[in-house]
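Secondary and tertiary structure notes
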Amino acid sequence: MRHDDYEFDDVEVEEGELFNVYDILPPDGTILEMATAEEMVRAAELEAKHHALQRLQDSNFQLSGVSFKELLTEFEQYEQESMEFWTGVYNRLRIPWAWTIRIDVANGPIHVVNDRDIFIDEDDFEEYDVDDLLDEYEED
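Let me sum up the structure you'll find in this document. Here the residue index of a chain counts from 1 through its sequence in written order. Predicted model: local features are reported for residues with pLDDT of at least 70 only, side-chain atom pairs are reported and counted for 80 or more only, and whole-chain, interface and lining totals are derived from all residues. Side-chain descriptors were evaluated using all non-hydrogen atoms of the structure, hydrogens and water having been removed beforehand.

Here we have three strands laid out as an open sheet, ordered β1-β3-β2, and antiparallel in their pairing. The two strands at the open ends of the sheet, each matched to only one other strand, are β1 (31–34) and β2 (101–103). Going from strand to strand, the sheet's axes swing by 20° on average, the running direction of each strand aside. By the convention used here, strands pair only if DSSP detects at least 2 bridges between them. Helix and strand assignments come from DSSP, with helices taken as H or I runs of at least 4 residues and strands as E runs of at least 2, each series counted from the N terminus. Relative to strand β3 (residues 109–112), β1 runs antiparallel, the two being bridged by three bridges. Within β3, the position partnered with M34 by the bridge is P109. The axes used here are C-alpha line fits, helices contributing only the stretch in contact, and every angle between their N-to-C directions lies in the interval 0 to 180 degrees.

Salt bridge criterion: a side-chain nitrogen from Lys or Arg within 4 Å of a carboxyl oxygen from Asp or Glu. Evaluated as defined, the whole model comprises seven salt bridges. Of the charged contacts, one joins R92 and E33 as a salt bridge, the two residues approaching to 2.5 Å between their closest N and O atoms. Taken together, the positions of R92 in helix α2 (residues 65–93) and E33 in strand β1 put the pair 59 residues apart, joining distant regions of the chain. Here's how the labels work: a residue is buried when its accessible area is under 20% of the maximum for its type, exposed when over 50%, partly exposed in between, all with a 1.4 Å probe on protein chains only. Classification of R92 as partly exposed rests on a relative accessible area of 31%. With its nearest N and O atoms 3.8 Å apart, the salt bridge here joins E81 to K49.

For any pair of aromatic rings, geometry is given as the distance between the ring centres together with the angle between the planes. Ring pairs are drawn from Phe, Tyr and Trp, using the six-membered ring of Trp, whenever the two centres fall within 6.5 Å, and their geometry is named by plane angle: stacked under 30 degrees, edge-to-face over 60, tilted for the rest. With the rule as written, the count across this model stands at two aromatic pairs. Their ring planes at 50° and their centres at 4.8 Å tell us that Y90 and W97 sit as a pair that is tilted.

The subject of this paragraph is unusual backbone geometry. With a phi close to 60°, R94 is a non-glycine residue in the positive phi region. One can find R94 in the loop between α2 and β2.

With respect to the element layout, T30 can be found in the segment before β1. For T30, the side chain forms a polar contact with the main-chain oxygen of P27, separated by 2.6 Å. Under the rule applied, a polar contact is a pair of N or O atoms within 3.5 Å (in protein, one hydrogen donor and one hydrogen acceptor; residues adjacent in sequence only if both atoms are side-chain atoms).

A few words on helix α1 (residues 37–58). The end-to-end C-alpha separation of α1 is 32 Å, in line with the 32 Å expected for 22 residues at 1.5 Å each. Every buried residue belonging to α1 is among E39, M40, A43, L46 and L53, and all of these are buried. All buried residues of α1 project into a common sector of 160° when viewed along the axis, lining one side. Opposite the packed face of α1, turned more than 90 degrees from it, sit the exposed residues A37 and R55. Contacts between residues were defined by any pair of non-hydrogen atoms, one from each residue, lying within 4.5 Å. Buried positions along α1 lie against α2, β2 and β3. Residue count minus one, scaled by 1.5 Å, sets the expected span of a helix. Picture the helix axis, draw a direction to every C-beta atom, and the arc is the one those directions span.

Looking at chain direction, β2 and β3 are connected through three bridges and run antiparallel. Of the residues in β3, the one forming a bridge with R102 is H111. Here β2 folds back onto β3 in antiparallel fashion, the turn holding five residues, of which G108 has a positive phi close to 105°.

This part takes up the nonpolar core. Core analysis: the largest hydrophobic core is formed by 19 residues, its most contacted members being V89, I101 and I103. At six residues, α2 tops the list of elements feeding residues into this core. Contacts of I103, omitting those with residues within four sequence positions, involve A35, E39, M40, A43, F85, W86, V89, P109 and I110. Each nonpolar core is a collection of buried residues, namely Ala, Val, Leu, Ile, Met, Phe, Trp, Tyr and Cys, held together in the definition by side-chain atoms within 4.5 Å.

That's the geometry; what it means functionally is another story.
Structure, rendered in structure tokens:
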């Protein structure tokens, strides 16, 4: 499947009808298109900065007010740069911002990342009646 299969110009929506972008969300791992060389480099830079800031955030140390303001400025700058970059990618692909995508910085494909774990088969889970569970808990 290519991202061209998800063009929004072809979607017919009647006046007053709400359009749900998740109705046409491609399956997890669907490659939408290849990233440009510049996009791959920029995505790698942003990912490295994200991981560095994440490690800094995970470390447990005290900050002075000045250090906090400097760190906050760094986080805000990263978020601004990241949003500008990803907005350009989403606009080029003509896909909704609500979809989560990633760029494979080693090989170049831009693929969909859903919040669902692909290794879990939802049919394996049984439905539980909360009242029955509470009754069993009270009996113990």
